[in-house]
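Spelled out from the first residue to the last, the chains are:
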Amino acid sequence: MRSEAPRISIRTSLVGAPGPAHAPGCRRRRPPASARHRAGEWHPGARTGVRVTRRAFRVPCPRLRGKPRMSHTVSRPRTRPTTARIRRRRRPMNTAELAELGQQLRVDSVRAAAAAGSGHPTSSMSAADLMAVLLAHHLCYDFERPDNPANDRFVLSKGHASPLLYAAYKAAGAIEDGELLTFRKLGSRLEGHPTPRRLPWVETATGSLGQGLPVAVGIALAGKRLDRTPARVWVLCGDSELAEGSVWEAAEHAAYEHLDNLTAIVDVNRLGQRGPTRHGHDLDAYARRFQAFGWHTIEVDGHDVDAVDRAFGEARSTSGQPAVILARTLKGKGVAAVQDREGLHGKPLPEPEEAVAELGGLRNLHVRVSEPPAAALLRDTTIEVLQLPRYERGEEVATRDAFGKAVAALGTARGDVVVLDGEVGDSTRTEIFAKEHPERFFECYIAEQQLVAAAVGMASRGWLPYAATFAAFLTRAHDFVRMASISGSGLNLVGSHAGVAIGQDGPSQMGLEDLAMFRAVHGSTVLYPCDANQTAQLVAAMAGCEGIRYLRTSRGKTPVLYGPEEAFELGGSKTLRSSAEDRLTVVAAGVTVPEALAAADRLAEEGVPVRVIDLYSVKPVDTDTLRRAAADTGCLLTVEDHHPEGGLGDAVAEAFADGRSLPRLVRLAVRTMPGSAAPDEQLHAAGIDAAAIAAAARRLVEEVTGRPAAGPA
């Protein structure tokens, strides 16, 4: 039974500019003044800012084990608002002014692409009027405080139309004209496709089409179910990307969750990269599809600014379901030489000066974007001493079971942890978290792309997501993982049922490519624990990492090798057998660690001592330990429940890629197509069980020494 631990509250009050407590129409009751005072909220008439109070607590990090963090208080009040900082209330633009703003966005898109000598100005020109109306009349955003929780969120799903986004930033006063003309140049923040690594106003990296809407669903879910703010999420899509299946995963999920804080804007300009799109200008075709998924649809002429304005208003007033605005537009609108013409996608305009003149010349309109209303976001996060599950040596426990209990314990200790699952929670064991913390559990069903995208969206709002499914099925979402890395997103991904060790289910369920897939992701961390205590410690350690973190878990039970107090550093390893007489080193991870130990025991009886290394951190890899083992024994034998390409063997080989002499290296891996069989039969058939390891070790020693391995050296 878990002992009672002190509960320490962290109350974070993030308050927008002075104004109404909530957006018009929001029914959430504002707590009484006394309660707001106790919660640490700033008085509406006083300063705005962030107040965070932290107290000492312990975390299971090897470097901090037994050392409480210093108790400290951080109070960062903003200065008292001056007249300029008092909430901006925009003056509505009339029809002519909105049209002029649209033309300015077109002109600046043309100029940016011309300066770069590349880009997508025609795709930007089609959506210019949509962006003008959104920016001037409907978006609530404080560009000086992009982390303001009350800000609306805008996602440019058609990321190639980045000139339009940057032109809008200029109109809003976020960037200067000089920076606009650095588009796509070395060192510029204005990349060909926008990324949040460079620009604080960008929510997620886009450019791989079909991802903006799924990520926006995750942002909207966080806003509606977790943060409970009145902020809206706007996402601008292209018509070409509606051919992507991920868009319809998102459409169904948004309707299922009743995300009425989400509005999709589809720029139906008829032309894709190589020619017309599937449905051209048939707005009804798109409307029928969205309606079938449960969306409120609005069809509009995308160049009629008054009609667009009304469409945005209708979308904002829609309750109980997400809304989509289907806008008929013309690619290259406003310049006769390129308007609605094929073959000009992704190219700067041939005569940019003439195009600018045709569009009415340069303008320098400045849009006063409304700041959001003052909506306090109070995240009362209870922090306890993290009490991970504990297992005794000799027990038989599946690492997937240990993951489920560990992430539930982490959720108790940290209120920012959320868990997402792909309708396999009874197998991945995320169901344990779901029972203990149902308000922070999200069922994404069999839609792995939406699973990862939702996690990306939640991470962008400051939550700590753990997303789990079978390792084999994460391959479906690899492009979302790749783009999450480009975004600099912090994700914890967990793949269960890895390798042939799952047994009778057969190859369709076996993750045999996952280590290679995640090792190839920029800045990733890849972990493969072999026992329950190691798994629990690594689940907690993942929370303190940056970038993409992947944990591989196993279906079957394995013996507990480590005590509950054992520490596991990321980038480390554990040497389980070692002596001065070792004649080779066996490097294993996960289910092959017990097999390697069994093989080492057999070989020891034959007078062949071998070293055994548990390389639980596959990336980063423990190069020092591997190089030392190579120097001591001269031979390395890797064994993995994974295909030979890109897995454990390659990770070990790369430890010697700096030009030093490579030791004799033999790699055991799954080289045949498995079928259905019992787990022990699978390991034997793949040549990665104890018998196969021992046989390979004998052969290696014989080849190196020229004499039989059996008997004393």
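Criteria and thresholds
- Residues numbered from 1 in each chain as written.
- Predicted model: local features only at pLDDT ≥ 70, side-chain atom pairs only at ≥ 80, totals over all residues.
- Heavy atoms only, no water.
- Phe/Tyr/Trp six-rings, centres within 6.5 Å; stacked < 30°, edge-to-face > 60°.
- Helix = DSSP H or I, 4+ residues; strand = E, 2+ residues; numbered from the N terminus.
- Buried < 20%, exposed > 50% of the residue type's maximum accessible area, 1.4 Å probe, protein only.
- Lys NZ or Arg CZ within 6 Å of the ring centre and 35° of its normal.
- Pairing = 2+ DSSP bridges.
- Axes fitted to C-alpha atoms, helices over the stretch in contact; angles between N-to-C directions.
- Contact = heavy atoms within 4.5 Å.

Novice: Just to check I follow, could you spell out the packing of aromatic side chains for this structure?
Specialist: Pairs of aromatic rings are described using the distance from one ring centre to the other and the angle between the two planes. With the rule as written, the count across this model stands at 15 aromatic pairs. Residues phenylalanine 518 and tyrosine 550 carry aromatic rings whose centres are separated by 4.0 Å and whose planes lie at 5 degrees to one another, so their mutual orientation is stacked. Taken as a pair, phenylalanine 518 in helix 17 (residues 514-519) and tyrosine 550 in strand 16 (residues 548-552) lie far apart in primary sequence, 32 residues in all. Exposure remark for phenylalanine 518: the relative accessible area of 1% places this residue in the buried category. Between tyrosine 562 and phenylalanine 568, the ring centres sit 5.0 Å apart and the planes meet at 85 degrees, which makes this aromatic pair edge-to-face. Classification of tyrosine 562 as buried rests on a relative accessible area of 3%. By relative accessible area, phenylalanine 568 is classed as buried at 2%. Here the basic side chain of arginine 232 rests over the ring of tryptophan 234, its NZ or CZ set 5.3 Å away from the ring centre.

Novice: For this particular structure, what's the right way to read the sheet that holds strand 7 (residues 296-301)?
Specialist: Paired through their backbone hydrogen bonds, the strands of a sheet run either parallel or antiparallel. In space, the 5 strands of this open sheet follow the order 4-5-6-8-7, with parallel pairing throughout. Every other strand in the sheet has two partners, leaving strand 4 (153-156) and strand 7 as the edge strands with one partner each. Strand-to-strand twist in this sheet, taken as the mean axis angle between neighbours without regard to direction, amounts to 20 degrees. Summarising the sheet, strand 4 and strand 5 (residues 233-238) pair through 4 bridges and their orientation is parallel. Within strand 5, the residue paired with valine 155 across the bridge is valine 235. Along the sheet face, helix 7 (residues 212-227) touches strand 4, strand 5 and strand 6 (262-268) and points at about 170 degrees away from the line of strand 5.

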